[in-house]
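In case you want the letters, here they are:
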Amino acid sequence: MPVRVLPDFLVNQIAAGEVVENPASVVKELVENALDAGADQIVIDVVDGGRTSITVVDNGRGMNREDLAKSVMRHATSKLPDDDLTNITYMGFRGEALPSIASVSDMTIDTYCAGEPNGWQLNATTGEIKPSNWDGGTRIRVQNLFARTPARLKFLRGDRAEIMSVLDVVKRLAMARRDVGFVLNNKWFFPKNQDLLERMAAVMGDDIMGRMLEVSADSGSTELSLTGFISEPTLRRASSVDQFLFVNGRPIKDKVVVGALRAAYMDVMHAREFPLCALFLSINPHNVDVNVSPAKTEVHFLEPSHVRAFIIKTLRSRLAETMNLVARVDMVQSVVPHQMNLTSSVSDNIRNCAPHVMHVCAPKDDYKFDKRHGPENVASVAPVAPVVSVDDVFNDMPLGRAIGQIGDKYILAEKDNNLIIVDQHAAHERITYERVRTHAIKVQPLLTPIVVNMRAEDVVAVGQVANELKLSGLVLDAFGDDAIAIFEKPADWDLNWGDLLHDIADEVRENGHSVQLNEKLHLKLANWACHHSVRAGQKLDLNQMNALLRDIENTTRGGQCNHGRPVYKIIPISDLDIIFERS
Ligand code: ADP
Ligand code: MG
């Protein structure tokens with residue numbers, strides 16, 4: 001067969017296969033164009049999940065007749081004036097979206113640009129342009145999407161699923177551009193000029209109020225910084241819908257960043273649950289390539305492991321900082337307006353007295369409810385107040401003085417007129433887990449190495465992370481071209497090593513790193529801690545209760561159990577007053 005250059009309409013349809021996957025990707029391209037045109041108000045209407053029509057109206061600068069004609073030509077763009085692909089300041093730059101969309105739909109554009117005698121209308125199917133009375137911004141209407149490519153039409157999901165994907169796209173762009181107003185189907189409104197927290201509440205829901213932790217860090221230079229908000233571990237979703245990630249202002253769904261977020265929460269959230277976040281990573285544009293996929297949701301970092309480590313470190317320290325100190329009060333939420341910061345005064349008190357608590361309660365090797373933890377002992381070693389009464393000493397501590405137990409399940413404590421309720425099982429689980437976790441991993445050398453047969457490329461992949469695996473107690477090496485030999489493993493730990501190594505290989509090939517072993521280790525520790533902890537239903541005396549309170553105070557991330565449930569709640573007396581209608 002002779003070689004032939006494909007006709008334009010086919011080239012465009014092929015490109016559309018990459019750029020125009022579904023109605024949501026059409027909306028994404030059109031809204032990005034509107035943003036690039038300087039619009040600050042964008043109205044989107046999607047009919048029948050996008051099958052019948054998708055309309056995007058903006059108040060941007062519009063196009064003159066000449067630009068309108070060129071806009072639907074392949075690789076025609078106004079956004080790369082100096083041919084520099086490393087310095088991309090617009091959301092689009094490929095000049096592919098409009099011709100691709102036009103090749104798989106019936107598209108019309110109405111636009112008006114200052115200086116033109118009138119507006120113009122383009123019929124992208126015929127190429128015909130005629131004057132119109134359109135008088136501001138641009139309207140692009142895409143009808144009968146995929147009608148000419150029935151194979152693609154078949155892959156569209158139900159209307160509801162498609163509109164949810166559109167909503168997701170709009171939310172991501174709305175989060176990136178809080179200076180712009182967005183309206184979808186006259187039902188979802190994201191007004192312009194909201195601050196980040198307001199926008200997050202509009203996008204993620206009001207339940208986030210008072211439960212997001214602010215993050216702001218840089219790597220010690222202007223090369224890399226991270227700002228935004230992450231959720232307390234008690235606030236989580238069943239999917240990643242409310243994870244909003246941005247690199248240099250662009251919404252992305254990048255494996256490196258998503259993986260780092262997950263790793264940061266590993267100790268406090270189940271792997272099947274997802275924290276909420278709006279995180280903005282700024283990185284020197286020369287260290288990142290955004291020109292990777294046509295849909296542009298992935299990026300290439302020049303040094304992915306550096307970026308990953310920076311994100312994990314920043315988020316973990318932010319989580320650790322808060323979790324010992326602040327517990328939230330859901331109980332009285334219904335009677336207290338959102339705006340009231342229920343725990344700020346309490347957490348401030350806690351913060352102020354935290355340092356000297358460290359002297360009073362030395363970490364213990366083994367958790368036993370014995371006299372060592374009793375009030376006499378604490379009072380006698382307290383360097384700050386040797387002559388005050390036992391009650392006063394406890395009152396200086398973040399979680400105060402135990403006053404009783406209810407249902408053999410919850411410990412009640414009092415501190416500066418605040419009521420503190422502690423879930424005794426969750427508390428002890430957290431303490432046990434942290435204690436086991438910080439123990440060095442015991443490694444067991446194997447007399448006979450375990451040999452796992454693998455494909456050569458898997459052997460190479462596992463080899464890439466051999467040093468990391470060693471840190472988790474797994475020592476291995478290639479055994480010929482298509483097998484791996486394990487020489488040492490974490491002691492008392494038996495797993496299906498073949499499965500684990502294959503999982504690790506898959507992960508390394510996909511993400512360049514592996515969290516499998518760490519995650520499995522984490523799960524194992526969490527289960528162990530759970531089974532070796534004080535149960536709900538166990539009666540405790542006051543000494544035991546006070547001992548438990550002191551141990552929580554000394555535990556990293558003591559505010560949540562390993563599964564992310566809260567360990568304790570603080571209820572200020574002012575909230576009790578509200579409940580009893582005294583205020
Ligand atoms: P790209 O956005 O990559 O440049 P597109 O195919 O999406 O490519 O758009 C082609 C050109 O059409 C853009 O560069 C821009 O000049 C113009 N254009 C598209 N949409 C709009 C709009 N809503 N308002 C003004 N100009 C637009
Ligand atoms: Mg574009």
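Keep in mind that this is a model prediction, so the values were computed, not measured.

1. Considering helix 7 (residues 196-204)
Note on helix geometry: an α-helix contains 3.6 residues per turn, so any two residues three or four positions apart are oriented the same way.
Here's step 1: All of the buried residues along helix 7 are Leu196, Arg199, Met200, Ala201, Val203 and Met204.
Here's step 2: N-capping of helix 7 is provided by Asp195, with a side-chain oxygen placed 3.2 Å from the backbone N of Leu197.

2. What to know about helix 16 (residues 497-511)
Here's step 1: Across its 15 residues, helix 16 extends 21 Å between first and last C-alpha, which sits within 8% of the 21 Å expected from 1.5 Å per residue.
Here's step 2: Trp497, Gly498, Leu500, Leu501, Ile504, Ala505, Glu507 and Val508 are the residues of helix 16 that are buried.

3. Structural notes on the sheet that holds strand 13 (residues 250-252)
Here's step 1: In spatial order, the strands read 9-10-15-12-13; together these five strands make up an open sheet with mixed pairing. Where the open sheet ends on each side, the last strands, each with one partner, are strand 9 (212-218) and strand 13. Averaged over all pairs of adjacent strands, the angle between strand axes in this sheet comes to 20 degrees, irrespective of strand direction.
Here's step 2: Against the sheet, helix 6 (residues 159-176) contacts strand 12 (243-247), strand 13 and strand 15 (277-283), and its axis sits at roughly 55 degrees relative to strand 12.
Here's step 3: Sheet contacts for helix 7: strand 9, strand 10 (224-231), strand 12 and strand 15; angle to strand 15, the most-contacted strand, approximately 130 degrees.

4. What about the pattern of salt bridges?
Here's step 1: Across all of its chains, the model carries 19 salt bridges by this definition.
Here's step 2: Residue Asp179 pairs with Arg177 through a salt bridge whose shortest N-O separation is 2.9 Å.
Here's step 3: Accessibility expressed as a relative area gives 26% for Arg177, which makes it partly exposed.
Here's step 4: The closest approach of N and O atoms between Arg455 and Glu457, which form a salt bridge, is 3.5 Å.
Here's step 5: Among the charged side chains, a network of salt bridges with common partners joins Asp168, Arg172 and Lys253.

5. Quick look at the sheet that holds strand 23 (residues 483-490)
Here's step 1: One open sheet accounts for three strands, arranged 21-23-22; its pairing is antiparallel. Across the chains shown, the open sheet's two edge strands, defined by having one partner strand only, are strand 21 (443-453) and strand 22 (475-478). Each neighbouring strand pair of the sheet contributes to a mean axis angle of 15 degrees, computed without reference to strand direction.
Here's step 2: In the sheet, strand 22 pairs with strand 23 via four bridges, with the strands oriented antiparallel. When the bridges of strand 23 are listed, Ala478 appears paired with Ile484.
Here's step 3: Packed on one face of the sheet, helix 16 meets strand 21, strand 22 and strand 23 and runs near 70 degrees to strand 21.

6. Thoughts on the pairing of strand 4 (residues 119-123)
Here's step 1: As defined by bridge partners, strand 3 (residues 106-111) adjoins strand 4 across four bridges and the pair is classed as antiparallel. Each residue of the ladder has a partner; that of Ile109, found in strand 4, is Leu122.
Here's step 2: Bridge count between strand 4 and strand 5 (residues 128-132): five bridges; the pairing is antiparallel. Among the inter-strand pairings, Trp120 is bridged to a residue of strand 5, identified as Pro131.

7. Re the confidence of the model for the protein
Here's step 1: Taken over all residues, the pLDDT of the protein has a mean of 79, while the share at 70 or more is 76%.
Here's step 2: The model gives residues 325-389 a pLDDT under 50, and that stretch makes 108 contacts with residues more than four places away or in other chains.

8. Considerations on the packing of aromatic side chains
A ring pair, where both rings are aromatic, is described by two values, the distance of the centres and the angle of the planes.
Here's step 1: Overall, the coordinates contain one aromatic pair when judged by the stated rule.
Here's step 2: Taking 4.5 Å as the distance between ring centres and 5 degrees as the angle between the ring planes, the aromatic pair formed by Phe246 and Phe280 counts as stacked. Taken together, the residues Phe246 in strand 12 and Phe280 in strand 15 connect sequence positions 34 residues apart.
Here's step 3: Across the ring face of Trp120, the terminal group of Arg65 is positioned such that the distance to the ring centre comes to 5.1 Å.
Here's step 4: A cation over a ring is seen here: Arg172 above Phe244, with NZ or CZ 4.5 Å from the ring centre.

9. Digging into the packing of helix 14 (residues 456-464) against helix 16
Here's step 1: The geometry of helix 14 relative to helix 16 is characterised by a closest axis approach of 8 Å and an angle of 80 degrees between their N-to-C directions. As judged from the angle between their axes, helix 14 and helix 16 are roughly perpendicular. In contact with Glu457, Asp458, Ala461, Val462 and Gln464 of helix 14, helix 16 contributes Leu501, His502, Ile504, Ala505, Val508 and Arg509.
Here's step 2: Its residues placed into classes, the contact of helix 14 with helix 16 shows six nonpolar, two polar and three charged.

10. Looking at the nonpolar core
Here's step 1: Membership of the largest hydrophobic core comes to 62 residues, with the highest contact counts inside it found for Ile42, Met107, Phe182 and Met204.
Here's step 2: Other than its neighbours up to four places away in sequence, Met107 contacts Val72, Leu98, Ile101, Ala102, Leu122, Asn123, Ala124, Thr125, Ile140, Arg141 and Val142.
Here's step 3: Formed by 31 residues, the second largest nonpolar core is a distinct cluster that contains Ala263, Leu281, Val299 and Ile312.

11. Notes on the packing of helix 2 (residues 23-36) against helix 6
Here's step 1: Relative orientation of the contacting elements helix 2 and helix 6 amounts to 25 degrees, with a least axis distance of 8 Å. By the criterion of interaxial angle, the relationship of helix 2 to helix 6 is roughly parallel. Seen from above, helix 2 lies across helix 6 with right-handed handedness. Contacts between helix 2 and helix 6 involve Pro23, Ala24, Val27, Lys28, Val31, Glu32 and Leu35 from the former and Glu162, Ser165, Val166, Val169, Val170 and Leu173 from the latter.
Here's step 2: Here the contact of helix 2 with helix 6 is built from residues that sort into nine nonpolar, one polar and three charged.

Definitions and cut-offs
- Residues numbered from 1 in each chain as written.
- Chains lettered and ligands numbered in written order.
- Predicted model: local features only at pLDDT ≥ 70, side-chain atom pairs only at ≥ 80, totals over all residues.
- Heavy atoms only, no water.
- Buried < 20%, exposed > 50% of the residue type's maximum accessible area, 1.4 Å probe, protein only.
- Helix = DSSP H or I, 4+ residues; strand = E, 2+ residues; numbered from the N terminus.
- Polar contact = N/O pair within 3.5 Å; in protein donor to acceptor, adjacent residues only side chain to side chain.
- Expected span 1.5 Å × (residues − 1).
- Pairing = 2+ DSSP bridges.
- Axes fitted to C-alpha atoms, helices over the stretch in contact; angles between N-to-C directions.
- Contact = heavy atoms within 4.5 Å.
- Salt bridge = Lys/Arg side-chain N within 4 Å of Asp/Glu carboxyl O.
- pLDDT = per-residue confidence, 0-100.
- Phe/Tyr/Trp six-rings, centres within 6.5 Å; stacked < 30°, edge-to-face > 60°.
- Lys NZ or Arg CZ within 6 Å of the ring centre and 35° of its normal.
- Parallel < 35°, antiparallel > 145°, perpendicular 65-115°, else oblique.
- Nonpolar A, V, L, I, M, F, W, Y, C, P; charged D, E, K, R; others polar.
- Core = buried A, V, L, I, M, F, W, Y, C linked by side-chain atoms within 4.5 Å.
- Left-handed = near helix turned anticlockwise from the far one by under 90°.

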